[in-house]
Amino acid sequence: MTDRILRSRRSNLAVPGSSPKMLDKIRNLPADQFFMDIEDAVAPIAKPEARRNIVAALNEGGYDDKVRVVRVNDWTTEWTYQDVVEVVGGAGANLDCIMLPKVQTAEQVVALDLLLTQIEKAHGFEVGRIGIEAQIENALGLINVDAIATASPRVETIIFGPADFMASINMKSLVVGEQPPGYDVGDAYHYILMRILMAARAHDKLAIDGPYLQIKDVEGYKRVAGRSAALGFDGKWVLHPDQVAAANEVFSPRQEDYDHAELILDAYEYFTSAAGGARGAVMLGDEMIDEASRKMALVISAKGRAAGLSRTQAFTPPES
Ligand code: GLV
Ligand code: MG
């Protein structure tokens, strides 16, 4: 089990580090997480300026209600070490995670972990506080996903990067998140999503779905987000303010499911206690509940609490 506190990340807002205006604007958006990008949303010549903008914005503050993340460039480029040294050295106390894109091996995560540790020590920051978000964006990364998830205790999330992934496996489509024309027998992303989800669940990480690029099509966003949410993913990227509310809605449990989960937990605790008869499988209304029901209820209840829901029904023990 991880001992890191994994905060709710239903909506993960992408913002280019090259735009001070957008770095400023996200302070007022109700996203659970943002990531300030120095990778693909920033042109090579704008990367030094993006690093400076990001350090200034993080140090200015105003983002404390969100998980604060910076996406650096991947280890095959010449930029990664400088991204990390400048951003963490300059604003390490005001940032929660570094997102590492196009991760292919566990060693790439270990390299980032070592670099972070040195910077934390050099600046007197708490060693190990800054987490890592690992983006899986190609076949090798997916094959190594278990080793990547466990390469460092800093790893908090495993993220699907559909655009790069589609390119890397030669998928015959340019429409990110939608099904490739010609594939009419299911969901072309099912295996990838499930593989990432299994690694996340096996190793107590959060599983995050990537971007949906048709930013004006909020219904399309909800449809695609609904699929990964149904499987068990914890959140999805958002590229536009309109997608934030959609992500928060799709990745929160419904109020009725949250109430039901809390009722199951209370009922199960009561009926398994001496006062409730020390029973293992019991009836809650018309439904039989047991230890497996309790485990499922715990998941919904944790997601509901993280989403700020409050219960609207109390459990009353039966008259004896
Ligand atoms: C995100 O980085 C993606 O490639 O989809
Ligand atoms: Mg990518």
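Residue positions are counted from 1 within each chain, in the order its sequence is given. Lettering of chains starts at A and numbering of ligands starts at 1, both following the order in which they are written. Only residues with pLDDT of at least 70 get local features here, since the model is predicted, and only at 80 or more are side-chain atom pairs given and counted; chain-wide, interface and lining totals rely on the full set of residues. The basis for the side-chain values is all heavy atoms of the structure; hydrogens and waters are excluded.

Caption draft 1: Quick look at the coordination of the magnesium ion (ligand 2). Here a donor is an N, O or S atom found within 2.8 Å of the metal, or within 3.2 Å if the metal is Na, K or Ca; sites may look incomplete because water is not among the atoms. Listed as protein donors to the magnesium ion (ligand 2) are Glu137 (OE) and Asp164 (OD); their distances from the metal cover 2.0 to 2.1 Å. Of this pair, glutamate 137 sits in the loop between strand 5 (131-136) and helix 5 (139-143) while aspartate 164 sits in helix 7 (residues 162-168); the two residues are 27 residues apart in sequence, bridging distant segments of the chain. The secondary structure listing takes helices from DSSP runs of H or I that are at least 4 residues long and strands from runs of E that are at least 2 residues long, numbered from the N terminus.

Caption draft 2: Representation of empty space enclosed by the protein in the model. Only protein atoms enter the 1 Å grid used here. Points where a 1.4 Å probe fits but cannot escape make up a cavity, open sets with protein on both sides within 12 Å along at least five of seven lines make up a pocket, and a residue lines them when an atom lies within 4 Å of a point. Grid points are joined across faces, edges and corners, and a volume is the space filled by probe spheres set on the points. Applying the stated criterion to the full structure yields one cavity of 30 Å³ or more. The volume enclosed by the largest cavity comes to roughly 110 Å³. If you go around the largest cavity, the residues you meet are Phe160, Pro162, Gly177, Gln179, Asp187, Tyr189, Leu193, Asp209, Pro211, Val224, Arg227 and Lys236. Three classes are used: nonpolar for Ala, Val, Leu, Ile, Met, Phe, Trp, Tyr, Cys and Pro, charged for Asp, Glu, Lys and Arg, and polar for all others, with Gly counted as polar. The residue makeup of the lining of the largest cavity, split by class, is six nonpolar, two polar and four charged.

Caption draft 3: Just the sheet that holds strand 5, in detail. Within the closed barrel, the eight strands sit side by side as 1-2-3-4-5-6-7-8. Their pairing is parallel. Mean inter-strand twist for the sheet, computed between neighbouring axes without regard to direction, equals 25°. One bridge is not enough; two strands pair if DSSP finds at least two bridges between them. Note that strand 1 (residues 11-16) and strand 8 (residues 235-238) share three bridges and pair parallel. Its bridge partner being in strand 8, asparagine 12 is matched across the sheet by tryptophan 237. To obtain an axis, a line is fitted to C-alpha atoms, over the contacting stretch when the element is a helix, and the angle between two such axes runs from 0 to 180 degrees between their N-to-C directions.

Caption draft 4: Layout of the layout of surface pockets. Looking at the second largest pocket, its volume works out to about 320 Å³. Together, 19 residues line the second largest pocket, and Asp37, Arg71, Pro211, Trp237 and Leu239 are the ones closest to its centre. Class assignment of the residues belonging to the lining of the second largest pocket gives a composition of 12 nonpolar, two polar and five charged.

Caption draft 5: Focus on the nonpolar core. What we call a nonpolar core is a set of buried Ala, Val, Leu, Ile, Met, Phe, Trp, Tyr and Cys residues that are connected through their side-chain atoms within 4.5 Å. Exposure categories follow from relative accessible area, calculated using a 1.4 Å probe and restricted to protein chains: below 20% of the type maximum is buried, above 50% is exposed, and the middle band is partly exposed. Formed by 66 residues in total, the largest nonpolar core has its most connected members in Met36, Leu58, Val70 and Ile98. Ranked by the residues each element gives to this core, the list is headed by helix 8 (residues 190-202), at six residues. Throughout, a contact is declared for two residues whenever any of their heavy atoms are within 4.5 Å. Those residues in contact with valine 70 that sit more than four places away from it in its chain are Met36, Ile38, Ile54, Leu58, Val87, Leu95, Cys97, Ile98 and Met99. Counting residues in each nonpolar core, the second largest holds 12 residues, with Ala261, Leu263, Ala267 and Phe315 among its members.

Caption draft 6: Representation of the pairing of strand 7 (residues 206-209) within the structure. Side chains of strand 7 alternate between two faces, with Leu206 and Ile208 and Ala207 and Asp209 buried alike. In terms of strand pairing, strand 6 (residues 155-160) meets strand 7 through three bridges, oriented parallel. Within the sheet, the bridge partner assigned to isoleucine 159 lies in strand 7 and is isoleucine 208. As paired strands, strand 7 and strand 8 are joined by two bridges and run parallel to one another.

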